[in-house]
Amino acid sequence: MRRSESHSLTAIASAGAPSARSRRMLALVALTGSAALLAACASPGTSPTTAPPEPSAAGDTGAAPVALADDLLQAEGLFDEVSSEGYAVRWVEPGESIAVVIGGSGGGGGCIPQPHAAELGAVGAAVVVSFDPPDAAIACTADYRLHGWGLALPMSVPVDLPTVVELVNLRGEDETTEVRIGADNLLDAGPTADPQPSLIPEPSAEGAAPSPIPPDQLPEADVTMQDAQVRWIEPGRRLAVILGGSGVAECVPTPVAARTTGISAIAVSFEFPSEPMDCSADFHLYGWQFELEEPVSGTLPAEVTVTGTTAADSSTVLALQPDDLLSAP
């Protein structure tokens with residue numbers, strides 16, 4: 001820049017000495033040109049009149065959820081994942097839309113959690129999907145099937161790193177479940193997908209023989225207890241069944257086995273004493289642990305059918321929640 005300025009001044013000098021007004025104009029031109037040149041050096045390739053785009057605001061919301069077609073719910077491995085975890089999250093179109101799949105009553109609607117549109121948190125935060133809980137006043141069918149929704153994101157997100165998806169209130173009580181999905185976690189039915197069972201499957205094999213639970217690990221006795229009680233020892237895998245009865249052990253039904261009859265259904269059988277006995281009138285608690293050969297979902301409510309605990313060989317159907325755990329007094 002100094003060489004160009006010297007050349008210009010030399011040319012001016014050769015033409016004659018400039019007046020005071022001319023000298024002021026030359027100084028102004030030189031300063032203006034220098035400022036423009038410095039601006040160009042400081043911001044190469046950037047137009048001085050173009051402002052950078054502003055980022056989208058946090059909390060933007062995508063389109064309303066759209067129910068997934070049945071063929072997409074038959075994606076390979078999807079049923080097993082949902083039955084184990086209680087949910088599955090995959091990309092429909094990487095960076096643009098996700099699929100959220102849960103399991104529950106075939107009746108759907110108010111019998112299962114319902115999602116809201118997907119949201120984006122602050123920069124770098126997760127995709128957030130909130131749920132409304134099931135309607136406890138609705139009578140729902142006991143069959144089990146998958147339910148899924150496609151959710152478009154408010155704006156595209158990069159997929160070069162795993163994307164965090166937060167499922168809020170899916171399990172109730174404002175609990176947040178965090179899932180990470182990569183670009184290759186795609187929802188694709190594919191030609192080899194297994195059909196989705198819409199009814200309770202055939203009973204599976206029985207588990208290990210039941211084992212007694214020590215009396216000091218049982219809850220406090222309740223003389224008003226009429227039916228069997230069920231609790232989880234390990235949700236989805238180990239079940240406790242508790243009976244009340246006479247202090248004479250031979251008067252109490254004998255546990256036989258427990259088997260899985262559905263994704264969240266269990267059948268427990270007892271053998272009632274066949275011979276008349278002289279039973280005392282005192283009240284005791286008895287408990288047994290059943291280990292399931294085929295685990296059920298540990299995140300969904302389970303239905304336990306207990307038979308053989310009365311002389312009439314009737315059955316009792318009991319509801320078992322994931323947090324119904326056996327706790328000693």
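Quick caveat: nothing in here was measured; it's all calculated off a predicted structure.

Caption draft 1: Just the overall build of the protein, in detail. Helix and strand counts for the protein come out as 3 helices and 17 strands. Across the protein, every contact between residues at least 6 apart in sequence was considered, and the portion connecting residues at least 24 apart equals 72%. Of the roughly 19,200 Å² that the protein leaves accessible, carbon and sulfur atoms contribute 54%.

Caption draft 2: Region of interest: the layout of surface pockets. Taken as a whole, the largest pocket holds about 1,200 Å³ of empty space. Looking at the lining of the largest pocket, the elements with two or more residues in it are strand E3 (97-105), strand E16 (302-307) and strand E17 (315-320). Residue contributions to the lining of the largest pocket peak at 4 residues, all from E3. Partitioning the lining of the largest pocket into residue classes produces 23 nonpolar, 13 polar and 8 charged.

Caption draft 3: Quick look at the side chain of Thr177. Structurally, Thr177 is set in strand E9 (residues 176-181). Leave out the neighbours within four places in its chain, and Thr177 touches Tyr87, Val165, Glu166, Leu167 and Arg171.

Caption draft 4: Here's a closer look at the confidence of the model for the protein. Of the residues in the protein, 74% reach a pLDDT of 70 or more, and the chain-wide mean stands at 77. Note on residues 1-58: pLDDT is under 50 here. Beyond four places in sequence and across chains, it has 7 contacts. Low pLDDT, under 50, characterises residues 190-203; the stretch is placed with 29 contacts to residues that sit more than four places away or in other chains.

Caption draft 5: Fine view of the environment of Leu320. With respect to the element layout, Leu320 can be found in strand E17. Judged by its relative accessible area of 0%, Leu320 falls in the buried class. Look past the residues within four positions of Leu320 in its chain and what remains in contact with it is Val230, Arg231, Trp232, Leu239, Pro301, Ala302 and Val304.

Caption draft 6: Focus on the sheet that holds strand E12 (residues 238-245). One open sheet accounts for 4 strands, arranged E10-E15-E12-E11; its pairing is antiparallel. Two strands lie at the open edges of the sheet, namely strand E10 (211-212) and strand E11 (229-234), each paired on one side alone. Of the pairings in the sheet, the one linking E11 to E12 comprises 5 bridges and is antiparallel in character. The residue bridging Arg231 from the neighbouring strand is Ala240, located in E12.

Caption draft 7: Examining unusual backbone geometry more closely. If you check the backbone angles, Asn169 has positive phi at about 70° while not being a glycine. Secondary-structure assignment places Asn169 in the loop between strand E8 (163-168) and E9.

Caption draft 8: Region of interest: a negative patch on the surface. Taken together, Asp80, Glu291, Glu293 and Glu294 make up a surface patch of like negative charges. By the element assignment, Asp80 lies in helix H3 (residues 78-85). Classification of Asp80 by relative accessible area gives exposed; the value is 56%.

Caption draft 9: Seen up close, the pattern of salt bridges. Scanning the entire structure with this criterion turns up 5 salt bridges. Across the pair Glu234 and Arg238 runs a salt bridge, and its minimum N-O distance is 3.4 Å.

Criteria and thresholds
- Residues numbered from 1 in each chain as written.
- Predicted model: local features only at pLDDT ≥ 70, side-chain atom pairs only at ≥ 80, totals over all residues.
- Heavy atoms only, no water.
- Helix = DSSP H or I, 4+ residues; strand = E, 2+ residues; numbered from the N terminus.
- Contact = heavy atoms within 4.5 Å.
- Areas by Shrake-Rupley, 256 points an atom, 1.4 Å probe, with all protein chains shown as cover.
- 1 Å grid on protein atoms, 1.4 Å probe; cavity = no way out; pocket = protein on both sides within 12 Å on 5 of 7 lines; lining within 4 Å.
- Points joined across faces, edges and corners; volume = space filled by probe spheres on them.
- Nonpolar A, V, L, I, M, F, W, Y, C, P; charged D, E, K, R; others polar.
- pLDDT = per-residue confidence, 0-100.
- Buried < 20%, exposed > 50% of the residue type's maximum accessible area, 1.4 Å probe, protein only.
- Pairing = 2+ DSSP bridges.
- Patch = residues over 30% accessible without salt bridge, like charges linked within 9 Å, V, L, I, M, F, W, Y side chains within 5 Å.
- Salt bridge = Lys/Arg side-chain N within 4 Å of Asp/Glu carboxyl O.
- Lys, Arg positive; Asp, Glu negative; His and termini not counted.
- Charge placed at Lys NZ, Arg CZ, Asp CG, Glu CD.

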